[in-house]
Amino acid sequence: MIVDESESSGRWQAITFSALLILLVMRVVFTGISPLNLYADEAQYWRWGDTLEWGYYSKPPMIAWVIHAVTSVFGNAEWAVRLPAAFLHTAGAAFIYFLGRDIYGARVGMFASLGYALMPAVILSSVVISTDGVLIPFWCAALWALWRLRSGQGAWVSALGLGVAVGLGFLSKYAMLYFAIGIVLVLLIDVQSRRALFTWKGLAALAVAAAIFAPHLAWNAANDFKTVSHTVDNANLGGDLINPENALTFLIDQLGVFGPISFLALVFGIFVMRSEDEGIMGRDRWLLCFILPVLVIILAQAVLSRANANWAATAYPAASVLVAAWLARARPNRNLWYIIAAISFLAFLLAPDVSLTTRLLIGAIVAAAILGFGHFVRHSPSGLLWTSLSLHAVLMLALMTIALVPPTLSTSLGFDNALKRTRGWDSAAEQLFTRAEELGATSVLVDEREAWHGLDYYARDRETPMLSWRRYAGPKSFSEAEPLDGALAERVLVASIHPGMRPRLRSDFQTFEHVGAISIPLGTRSNGCPIMREFQLYVGSGYQRQDRTPEWETRFDGQTEFKPAPCPAPEAQ
């Protein structure tokens with residue numbers, strides 16, 4: 001029987017875009033009805049969007065521009081702030097489909113696109129606004145444009161598209177630098193890439209990218225390179241170096257970022273996947289240039305100091321394509337299914353912020369589902385793609401449901417600790433600024449960056465100014481940009497969330513009177529202990545900022561005020 005390749009390609013494309021449309025609608029609806037507060041980083045990006053600049057304290061400007069564009073039309077509600085995320089990731093998934101289709105065929109493109117769209121990190125990033133969510137669609141577009149340029153497709157359109165995508169990617173997050181590293185590697189190993197890029201078209205792509213990014217560099221130069229310096233500080237390479245135990249933590253985290261099946265298949269494939277077709281191997285190596293450098297560099301960063309789980313996110317657009325291609329062409333392998341089921345079970349046991357009972361239950365269900373489906377498809381590796389998509393779809397629905405159910409149910413499931421950063425900021429802001437008006441405060445002072453941003457958004461209509469206390473000689477975050485001085489310092493309502501900071505705060509004031517506390521219940525930990533966000537309130541006057549000398553810093557070591565009593569661990573369960 002002869003199969004019409006164009007008809008087959010059209011069918012896979014129709015499946016892909018129908019699924020992406022359904023996912024987009026679900027994510028937009030969830031964003032509109034979600035009861036979760038903005039977490040601190042989202043609130044910070046929203047505040048940046050008040051003014052359009054070429055850069056901000058710790059990030060390039062794209063995320064603030066995107067939020068500004070949407071909130072200027074729809075207002076400042078949480079759903080409006082988060083709305084762009086679903087559309088951006090849908091665009092990224094579309095680019096991944098075209099990339100996979102052009103490299104390996106439409107069926108692989110479908111698996112790659114849906115694998116990306118249902119990646120655990122993307123499930124989360126599609127309903128919150130983050131710099132990764134803004135960056136990665138440009139990364140996906142750049143990958144596709146680069147492949148088209150390499151393949152002789154699109155000519156000048158591909159070249160200019162590559163330059164635009166790379167330039168906008170750099171305006172989204174400096175992690176776009178890994179893409180530049182990938183380009184260097186493909187130039188070293190791939191003749192066709194060299195032929196495509198060492199031309200006027202390649203030069204034009206570079207010029208366009210540089211022209212788009214140049215105003216941000218100029219802004220940084222005019223502002224003491226504070227965005228760049230913050231990025232360097234974030235690497236934390238000035239502390240204790242060489243922490244090999246962090247390598248295991250990082251690798252386990254990636255099971256949760258990319259998905260256990262996908263990440264284990266990626267690791268397995270790196271060591272065992274080969275093809276007698278040198279053309280296919282060349283395509284595999286081309287994609288690996290945009291995967292391995294990210295994983296290796298972030299793994300090294302984790303060992304040297306620390307690395308957040310999402311720092312390796314840019315490895316996974318290309319990895320979505322490569323894993324789909326590998327599993328689609330691999331031979332049946334029973335051991336691979338058993339290994340993936342076992343490691344997935346263990347990975348769920350190590351998941352943070354969830355009760356042990358819930359982890360055991362989820363891990364057992366996932367492992368049983370993998371083994372059961374493996375038997376059904378006779379252990380064909382391509383069946384792992386459907387298994388992974390199914391598990392991730394269930395995960396997405398479960399997370400949406402947990403976010404929407406009453407808090408009592410999320411408590412019984414042990415998810416309160418995972419949700420605490422997105423709860424209670426609205427109530428805290430209302431209570432705090434009501435107290436500020438009652439006490440006649442000239443300003444409110446908080447002692448934590450996250451608290452400042454959460455309160456800032458939910459008290460955005462406040463009349464009383466709010467500042468963030470500077471523990472160090474100069475500002476260390478965007479929240480500390482404005483100093484406490486002049487009329488603002490006359491009668492300060494201090495809202496302190498850290499017991500260890502209160503003695504230091506007290507030293508900056510001539511009078512420092514305790515006037516109560518605000519306690520916001522956020523749920524219950526898996527050990528039965530309540531989760532509280534507590535602000536101890538003081539009225540301070542006679543502000544005289546102490547010199548931030550080493551002697552001042554060490555003078556208060558070990559001192560606390562109103563330190564919460566430890567919650568006793570329950571008896572062995």
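Residues numbered from 1 in each chain as written. Predicted model: local features only at pLDDT ≥ 70, side-chain atom pairs only at ≥ 80, totals over all residues. Heavy atoms only, no water.

### Structural notes on the overall build of the protein
Next up, step 1: Along the protein, the regular secondary structure elements total 26 helices and 5 strands.
Next up, step 2: For a compact globule of 573 residues, the expected C-alpha radius of gyration is about 25 Å, and the protein comes in at 26 Å, within 12% of that figure.
Next up, step 3: Overall size of the protein, expressed as C-alpha extent along the three principal axes, is 85 × 60 × 45 Å.
Next up, step 4: Counting over 573 residues, the protein shows a buried share of 51%.
Next up, step 5: Restricting to contacts in the protein with at least 6 residues of sequence separation, those with at least 24 account for 76%.
Next up, step 6: Summed over all atoms, the accessible surface of the protein reaches about 25,800 Å², with 63% contributed by carbon and sulfur.
Next up, step 7: When the 43 positive and 45 negative side-chain charges of the protein are each reduced to one mean point, those points stand 8 Å apart. (Helix = DSSP H or I, 4+ residues; strand = E, 2+ residues; numbered from the N terminus. Rg over C-alpha atoms; globule rule 2.2 N^0.38 Å. Buried < 20%, exposed > 50% of the residue type's maximum accessible area, 1.4 Å probe, protein only. Contact = heavy atoms within 4.5 Å. Areas by Shrake-Rupley, 256 points an atom, 1.4 Å probe, with all protein chains shown as cover. Lys, Arg positive; Asp, Glu negative; His and termini not counted. Charge placed at Lys NZ, Arg CZ, Asp CG, Glu CD.)

### Focus: the sheet that holds strand S1 (residues 443-446)
Next up, step 1: Pairing within the open sheet is mixed, and its 5 strands lie in the order S2-S1-S3-S5-S4. Of all the strands in the sheet, just strand S2 (466-468) and strand S4 (509-524) have a single pairing partner and so form its edges. For this sheet, the mean angle separating the axes of adjacent strands, direction not counted, is 25°.
Next up, step 2: The pairing of strand S3 (residues 492-496) with strand S5 (residues 530-543) spans 5 bridges and is antiparallel. The partner of Val492 across the bridge, within S5, is Gly540.
Next up, step 3: Of the strands in this sheet, S1, S2, S3, S4 and S5 touch helix H23 (residues 425-439), which is tilted by about 155° from S4.
Next up, step 4: Its contacts with the sheet put helix H24 (residues 449-458) on S1, S2 and S5, and the angle it makes with S2 is roughly 165°. (Pairing = 2+ DSSP bridges. Axes fitted to C-alpha atoms, helices over the stretch in contact; angles between N-to-C directions.)

### Quick notes on the state of the cysteines
Next up, step 1: Taken as a whole and assessed by the stated rule, the structure comprises 1 disulfide.
Next up, step 2: Bridging Cys529 to Cys567, the disulfide has an S-S length of 1.9 Å. Between Cys529 and Cys567, the disulfide has an S-S torsion of -95° and is therefore left-handed. With Cys529 in the loop between S4 and S5 and Cys567 in the segment after helix H26 (550-555), this residue pair connects regions lying 38 residues apart in the sequence. (Disulfide = S-S within 2.5 Å.)

### Considering the environment of Val108
Next up, step 1: Turning to its location among the elements, Val108 is positioned in helix H5 (residues 106-117).
Next up, step 2: Taking the C-alpha atoms as reference points, Val108 and Val321, separated by 213 residues in sequence, lie 7.1 Å from one another.
Next up, step 3: Once residues lying within four places of it in the same chain are set aside, the contact partners of Val108 are Gly100, Val321, Ala324, Ala325 and Ala328.

### Comments concerning H5
Residues three or four positions apart in an α-helix share a direction because the helix packs 3.6 residues into each turn.
Next up, step 1: Taking 1.5 Å per residue, 12 residues should reach 16 Å; H5 reaches 16 Å between its end C-alpha atoms and fits that length.
Next up, step 2: Taking burial as the measure, the 12 residues of H5 include 11 buried ones, the bulk of the element. (Expected span 1.5 Å × (residues − 1).)

### Describing the pairing of S5
Next up, step 1: Note that S4 and S5 share 13 bridges and pair antiparallel. By the bridge assignment for S5, Glu513 is matched with Val539.
Next up, step 2: Adjacent in sequence and paired antiparallel, S4 and S5 are bridged by 5 residues, among which Gly528 carries a positive phi angle near 90°.

### With respect to the side chain of Thr71
Next up, step 1: Following the sequence through the fold, Thr71 ends up in helix H3 (residues 62-74).
Next up, step 2: With a relative accessible area of 11%, Thr71 lands in the buried category.
Next up, step 3: A distance of 2.7 Å separates a polar atom in the side chain of Thr71 from the backbone oxygen of Ile67.
Next up, step 4: In this structure Thr71 touches Asn76, Ala80 and Val81, once residues within four positions along its chain are discounted. (Polar contact = N/O pair within 3.5 Å; in protein donor to acceptor, adjacent residues only side chain to side chain.)

### A look at the environment of Leu413
Next up, step 1: Note that Leu413 resides in helix H21 (residues 407-413).
Next up, step 2: Judged by its relative accessible area of 34%, Leu413 is partly exposed.
Next up, step 3: As a C-alpha pair, Leu413 and Val354 span 59 residues in sequence and 8.0 Å in three-dimensional space.
Next up, step 4: Excluding its chain neighbours within four sequence positions, the residues that come into contact with Leu413 are Val354, Ser355, Thr358 and Ile402.

### Side note on the nonpolar core
Next up, step 1: Leu162, Phe179, Leu266, Phe290, Tyr316, Leu493 and Phe535 are the most contacted members of the largest nonpolar core, which has 155 residues in total.
Next up, step 2: Those residues within four positions of Phe290 in sequence are excluded, and the remaining contacts are Trp139, Leu143, Leu146, Phe179, Gly182, Ile183, Val186, Thr314, Ala315 and Ala318.
Next up, step 3: Counting residues in each nonpolar core, the second largest holds 16 residues, with Leu445, Ala489, Phe509 and Phe556 among its members. (Core = buried A, V, L, I, M, F, W, Y, C linked by side-chain atoms within 4.5 Å.)

### Comments concerning the packing of helix H17 (residues 316-329) against helix H20 (residues 381-404)
Next up, step 1: Orientation of H17 relative to H20, taken along the N-to-C sense of each, is 135°, at an axis distance of 5 Å. It follows from the interaxial angle that H17 and H20 lie oblique. The residues of H20 that touch H17, namely those facing Val323, Ala324, Leu327 and Ala328, are Pro381, Ser382, Leu384 and Leu385.
Next up, step 2: Tallied by class, the residues present in the contact of H17 with H20 amount to 7 nonpolar, 1 polar and no charged. (Parallel < 35°, antiparallel > 145°, perpendicular 65-115°, else oblique. Nonpolar A, V, L, I, M, F, W, Y, C, P; charged D, E, K, R; others polar.)

### Regarding unusual backbone geometry
Next up, step 1: Of note in the backbone geometry, Arg378 takes a positive phi value of approximately 60° without being a glycine.
Next up, step 2: In this fold, Arg378 is placed in the loop between helix H19 (356-376) and H20.
Next up, step 3: Assessed through its relative accessible area of 71%, Arg378 is described here as exposed.
Next up, step 4: At Phe562, a position not held by glycine, the phi torsion is positive, near 55°.
Next up, step 5: Take Phe562: it is sitting in the segment after H26.
Next up, step 6: A relative accessible area of 41% places Phe562 in the partly exposed class.

### Side note on the pattern of salt bridges
Next up, step 1: On inspection of all chains with the given rule, the structure shows 17 salt bridges.
Next up, step 2: The partner of Glu438 in a salt bridge is Arg435, and the shortest N-O contact between them spans 3.6 Å. Separated by 3 residues within a single helix, Glu438 and Arg435 lie in helix H23, roughly one turn from each other.
Next up, step 3: Assessed through its relative accessible area of 55%, Glu438 is described here as exposed.
Next up, step 4: For the salt bridge of Glu553 with Arg504, the shortest nitrogen-to-oxygen distance reads 3.4 Å. Of this pair, Glu553 sits in helix H26 while Arg504 sits in helix H25 (residues 502-507); the two residues are 49 residues apart in sequence, bridging distant segments of the chain.
Next up, step 5: Given the relative accessible area of 4%, Arg504 is considered buried.
Next up, step 6: The network of salt bridges with common partners includes Arg47, Asp50, Asp456 and Arg462. (Salt bridge = Lys/Arg side-chain N within 4 Å of Asp/Glu carboxyl O.)

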